[in-house]
Amino acid sequence: MDADAPSYYEYSLICEERENPLLKEAGLILFDQIQPCHFMPAFEAVIEEVEPKLQELEKTLTPSWETLVDPLEQIEEKIFRVIGPMMHLLLVTDSTEIRVAWSHVEPLITQFQLRIKQSQALYDAFETLKESADWENFSSAQKRIVDQRLLDAKLKGIELEGEELETFNALICRLSELQTTYVSNMRDAAKNYSLIVKDPQKIEGVPYAILKLTSESYNIVREEEDPLSTPTQGPWKLSLARPIYSAIIRHCHNRQLRETLYRAQIQKASLGAFDN
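Now for a quick tour of the structure.

Rules of the game
- Residues numbered from 1 in each chain as written.
- Predicted model: local features only at pLDDT ≥ 70, side-chain atom pairs only at ≥ 80, totals over all residues.
- Heavy atoms only, no water.
- Helix = DSSP H or I, 4+ residues; strand = E, 2+ residues; numbered from the N terminus.
- Buried < 20%, exposed > 50% of the residue type's maximum accessible area, 1.4 Å probe, protein only.
- Contact = heavy atoms within 4.5 Å.
- Areas by Shrake-Rupley, 256 points an atom, 1.4 Å probe, with all protein chains shown as cover.
- Lys, Arg positive; Asp, Glu negative; His and termini not counted.
- Charge placed at Lys NZ, Arg CZ, Asp CG, Glu CD.
- Expected span 1.5 Å × (residues − 1).
- Bend = angle between axes of the 7 residues up to and from the residue.
- Patch = residues over 30% accessible without salt bridge, like charges linked within 9 Å, V, L, I, M, F, W, Y side chains within 5 Å.
- Salt bridge = Lys/Arg side-chain N within 4 Å of Asp/Glu carboxyl O.
- Phe/Tyr/Trp six-rings, centres within 6.5 Å; stacked < 30°, edge-to-face > 60°.

**Structural notes on the overall build of the chain**
Reasoning step 1: Counting secondary structure elements, the chain contains 10 helices and two strands.
Reasoning step 2: Secondary structure elements in the chain, listed N-terminal to C-terminal, are α-α-α-α-α-α-α-β-α-β-α-α.
Reasoning step 3: C-alpha atoms of the chain, sized along the principal axes, occupy 75 × 45 × 40 Å.
Reasoning step 4: The 276 residues of the chain split such that 37% are buried.
Reasoning step 5: The contacts of the chain with a sequence gap of at least 6 include a subset with a gap of at least 24, amounting to 68%.
Reasoning step 6: When the accessible area of the chain is evaluated, it comes to approximately 16,800 Å², of which 52% is carbon and sulfur surface.
Reasoning step 7: Taking the average place of the 29 positive charges on the side chains of the chain and the average place of its 45 negative ones, the gap between the two points comes to 10 Å.

Written as structure tokens, this is what we have:
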């Protein structure tokens, strides 16, 4: 992460007086209005809303599909309505500001997910539901959902206690952090790779649309004293962006150029500042 990036606190000040679009429940998600400073306030607000409902659900004495599964899914859907757009923006926009905001909210998301998976009351309720007379009347899909809930709980440490549970949770949080870092390094490595091709013979076979795109990319970064690139005469600035990479691998007649780009693709994020 950029060491000179503004702090999360500085980002948060920008949104203090604005309505949070992540908390809008009806209609389409307002992606054009969502800012990084909305992330933490939205998550804190939705957790404050659903935590009492979750605690009440844990008190269910006679669990049924209507009193256990449906309410729990509604709680999780409300949470995902908030964090889903955050995850989407992290992948498609991937700005420094969004990364900073996500790095603050991600550990809390992981912790709350563990709080649900490791709830002994919910686990016992699902076991009771599976042993109830209603079980035989459930569809195969319903049985699969209940079984998956029980399995998820076991995989998320429901049977652990004390120090073992603390260590497990710390590892889960660390794993989540590493996964985010891994993806960021892959994206940064791809963004920072480029290959300038000046010989038109090396680029033969590549569709004109890609030649035009890579020619324009070259013109953006060329030095003032360098001549302008044209789609037919180049130079061309190649990258690991999927449309460009795929077109070179599929259509370029020059085997050496294909190999160069292929090796760059399989080795990205394995060297230098973005080494995973």
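**Side note on helix 4 (residues 96-117)**
Reasoning step 1: Between its first and last C-alpha atoms helix 4 spans 31 Å; for 22 residues at 1.5 Å apiece the expected length is 32 Å, and the two agree.
Reasoning step 2: Maximum bend of helix 4: about 30°, positioned at Val 105, with proline Pro 107 one to four residues after it.
Reasoning step 3: Every buried residue of helix 4 is listed here: Ile 98, Arg 99, Val 100, Ala 101, Trp 102, Val 105, Glu 106, Ile 109, Thr 110, Phe 112, Leu 114 and Ile 116.

**Some remarks on a nonpolar patch on the surface**
Reasoning step 1: Together, Leu 91, Val 92, Tyr 182 and Val 183 give the surface a local cluster of nonpolar side chains, amounting to about 360 Å² of exposed area.
Reasoning step 2: Looking at the nonpolar patch, the elements that each hand over two or more residues are helix 3 (65-92) and helix 7 (162-192).
Reasoning step 3: Looking at where Tyr 182 falls in the secondary structure, it is placed in helix 7.
Reasoning step 4: By relative accessible area, Tyr 182 is classed as partly exposed at 44%.

**A closer look at the environment of Ala 45**
Reasoning step 1: Within the fold, Ala 45 resides in helix 2 (residues 39-57).
Reasoning step 2: Given the relative accessible area of 29%, Ala 45 is considered partly exposed.
Reasoning step 3: When the C-alpha atoms of Ala 45 and Asn 254 are compared, they prove to be 56 Å apart, with 209 residues separating the residues in sequence.

**A closer look at the packing of aromatic side chains**
Reasoning step 1: Taken as a whole and judged by the stated rule, the model has two aromatic pairs.
Reasoning step 2: Summarising the aromatic geometry, the rings of Trp 135 and Phe 138 are spaced 5.9 Å apart at their centres and angled 70° between planes, so their arrangement reads as edge-to-face.
Reasoning step 3: One aromatic cluster is present, built from ring pairs that chain together Trp 65, Trp 135 and Phe 138.

**A few points about the pattern of salt bridges**
Reasoning step 1: Here the structure, examined in full by the defined rule, presents 12 salt bridges.
Reasoning step 2: The residue Glu 49 makes a salt bridge to Lys 78 at a minimum N-O spacing of 3.3 Å. Of this pair, Glu 49 sits in helix 2 while Lys 78 sits in helix 3, placing them 29 residues apart in sequence.
Reasoning step 3: Taking the relative accessible area as the measure of exposure, Glu 49 reaches 34% and is therefore partly exposed.
Reasoning step 4: In this structure, the salt-bridge partner of Asp 152 is Lys 117, at a minimum N-O distance of 3.5 Å. Of this pair, Asp 152 sits in helix 6 (residues 140-155) while Lys 117 is found in helix 4, placing the two residues 35 residues apart along the sequence.
Reasoning step 5: What makes Lys 117 partly exposed here is its relative accessible area of 23%.
Reasoning step 6: A cluster of three or more residues bridged by salt bridges with shared partners is formed by Glu 25, Glu 49, Lys 53 and Lys 78.

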